[in-house]
Amino acid sequence: MRTVLLASVNGARSAADGPAVPMSPADLTESALAAVAAGAGEVLVHPRTPCGRESLSPRVVGPVLAAMRGAGVHVPLSVPAAIGAERDPAGRLERVRSWTVLPDRAVVHFGEPGAGELGRALLARGVSVDAVVPVGGPAGPEPMARFLAWPVREPGRVRLAVELAEADPALVAGLRGLPPVAVLVYGREAAAWPVLRLAARCGTGARTGVGDVLHLPDGRPARSTAELVAAARELIRRGAAAPGVTAASR
């Protein structure tokens, strides 16, 4: 089965992070199209105002999604419903309930307050949920405990997105026995490629893009998310071909 690969085309980065990071709706759309052509099965985009601030406003989210779909990005599109775009939990709820153009999925961070209620509001609107849970590092056990306490009434529309601080196989093995939802694992910066290799070996979904990492596996600076996706696809191909692969996804 083909591993789901999610492309994070901009993340929380800014223009100061270099030319590989798209900022305008036109550049985000071009980046998404190229990422899909390189093998991405989904796209995660952080919509931004003209001044570069992340936003959940329907006047910002809607045009970005419409532009991507209108240009031919025909894979599931995700946006983050996170504290980086709206600090107040009540404000996040108000924003997602006001969306006029809906993403296919929304990212909900269970390390942030109000995650459970936000996830329910998104599901009620017909938006699937990526429940982000950091594992390892300074996050501690609280985000996973919040996710496990959240009643998953629609497992087909919820995915557990685990951000690993390091590529520890024991951390992935510990995901077995959790609610029967799909699993995607990813890392950032130095952890990005080791974790992607681990995802390939374990059979989970994976994620890459300039939102997570700015260098290729060999250390060279990445010119685009498409270049990162192509490198990730090759690593996934090698991992899937390796003997002894055990699927951790459901």
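Residues numbered from 1 in each chain as written. Predicted model: local features only at pLDDT ≥ 70, side-chain atom pairs only at ≥ 80, totals over all residues. Heavy atoms only, no water.

(A) The arrangement of the environment of Thr 100 in detail. The topology assignment puts Thr 100 in the loop between helix H3 (89–98) and strand S4 (105–109). Between the C-alpha atom of Thr 100 and that of Val 162, which follows or precedes it by 62 residues, the distance is 29 Å. (Helix = DSSP H or I, 4+ residues; strand = E, 2+ residues; numbered from the N terminus.)

(B) Summary view of helix H2 (residues 58–71). End to end, H2 covers 19 Å across 14 residues, agreeing with the expected 20 Å (1.5 Å per residue, within 8%). Tucked into the core, H2 has its buried residues touching helix H1 (25–38), strand S3 (77–80) and H3. Among the residues trailing H2, Gly 72 stands out with phi positive, at a value near 105°. (Expected span 1.5 Å × (residues − 1). Contact = heavy atoms within 4.5 Å.)

(C) Local environment of the packing of aromatic side chains. In the structure shown here, the tally under the stated rule is 3 aromatic pairs. Here the aromatic rings of Phe 110 and Phe 147 are separated by 5.6 Å at their centres, their planes lie at 90°, and the arrangement is edge-to-face. You can see Phe 110 sitting in the loop between S4 and helix H4 (115–124) and its partner Phe 147 sitting in helix H5 (residues 142–149), a full 37 residues away along the chain. Assigned by exposure class, Phe 110 and Phe 147 land together as buried. Note on Phe 110 and Trp 150: the rings are 5.3 Å apart at their centroids and 55° apart in plane angle, and the pair reads as tilted. On the criterion of sequence distance, the pair formed by Phe 110 in the loop between S4 and H4 and Trp 150 in the loop between H5 and strand S6 (158–164) is long-range, its members being 40 residues apart. In this pair, the class of Phe 110 matches that of Trp 150, namely buried. It is Arg 207 that lies over the ring of Tyr 186; its NZ or CZ is 3.8 Å from the centre. (Phe/Tyr/Trp six-rings, centres within 6.5 Å; stacked < 30°, edge-to-face > 60°. Buried < 20%, exposed > 50% of the residue type's maximum accessible area, 1.4 Å probe, protein only. Lys NZ or Arg CZ within 6 Å of the ring centre and 35° of its normal.)

(D) Local environment of the pattern of salt bridges. For the structure shown, the criterion picks out 13 salt bridges. Arg 159 is paired through a salt bridge with Glu 42; the nearest N and O atoms lie 2.7 Å apart. Of the two residues, Arg 159 sits in strand S6 while Glu 42 sits in strand S2 (residues 42–44), which places them 117 residues apart along the sequence. Residue Glu 42 is classed as buried on the basis of its relative accessible area, which comes to 8%. Notably, a salt bridge pairs Arg 223 with Glu 227, separated by 3.1 Å at the nearest N-O pair. Taking relative accessible area as the criterion, Glu 227 reaches 17% and is therefore assigned buried. When salt bridges with common partners are traced through the structure, they connect Glu 42, Arg 105, Asp 130 and Arg 159 into a single cluster. (Salt bridge = Lys/Arg side-chain N within 4 Å of Asp/Glu carboxyl O.)

(E) Structural view of the layout of surface pockets. Taken as a whole, the second largest pocket encloses approximately 180 Å³ of empty space. As for the second largest pocket, its lining consists of 18 residues, of which Ala 12, His 46, Pro 80, His 109 and Arg 188 are closest to the centre. When its residues are assigned to classes, the lining of the second largest pocket shows 7 nonpolar, 6 polar and 5 charged. (1 Å grid on protein atoms, 1.4 Å probe; cavity = no way out; pocket = protein on both sides within 12 Å on 5 of 7 lines; lining within 4 Å. Points joined across faces, edges and corners; volume = space filled by probe spheres on them. Nonpolar A, V, L, I, M, F, W, Y, C, P; charged D, E, K, R; others polar.)

(F) View of the nonpolar core. Counting residues in each nonpolar core, the largest one holds 71 residues, and the members touching the most others are Leu 122, Phe 147 and Leu 175. Among the elements that make up this core, the one with the highest residue count is helix H7 (residues 192–202) (8 residues). Look past the residues within four positions of Leu 122 in its chain and what remains in contact with it is Ala 81, Val 96, Trp 99, Ala 106, Val 108, Val 127, Val 129 and Arg 157. Ranked by size, the runner-up nonpolar core spans 7 residues in total, among them Leu 6, Val 132, Ala 161 and Leu 184. (Core = buried A, V, L, I, M, F, W, Y, C linked by side-chain atoms within 4.5 Å.)

(G) Inspection of empty space enclosed by the protein at higher detail. Under the counting rule described, the total for this entry stands at 1 cavity of 30 Å³ or more. If you add up the space inside the largest cavity, you get close to 30 Å³. The wall of the largest cavity is formed by Leu 6, Val 107, Asp 130, Val 132, Ala 161, Leu 184, Tyr 186 and Arg 207. For the lining of the largest cavity, the secondary-structure elements that each account for two or more residues are strand S5 (128–135) and strand S7 (182–186). For the lining of the largest cavity, the residue count by class is 6 nonpolar, no polar and 2 charged.

(H) Spatial organisation of the confidence of the model for the protein. Model confidence for the protein is summarised by a mean pLDDT of 91, while 94% of its residues fall at 70 or above. Contacts for the low-pLDDT stretch residues 244–250, under 50 throughout, to residues beyond four places or in other chains number 31 contacts. (pLDDT = per-residue confidence, 0-100.)

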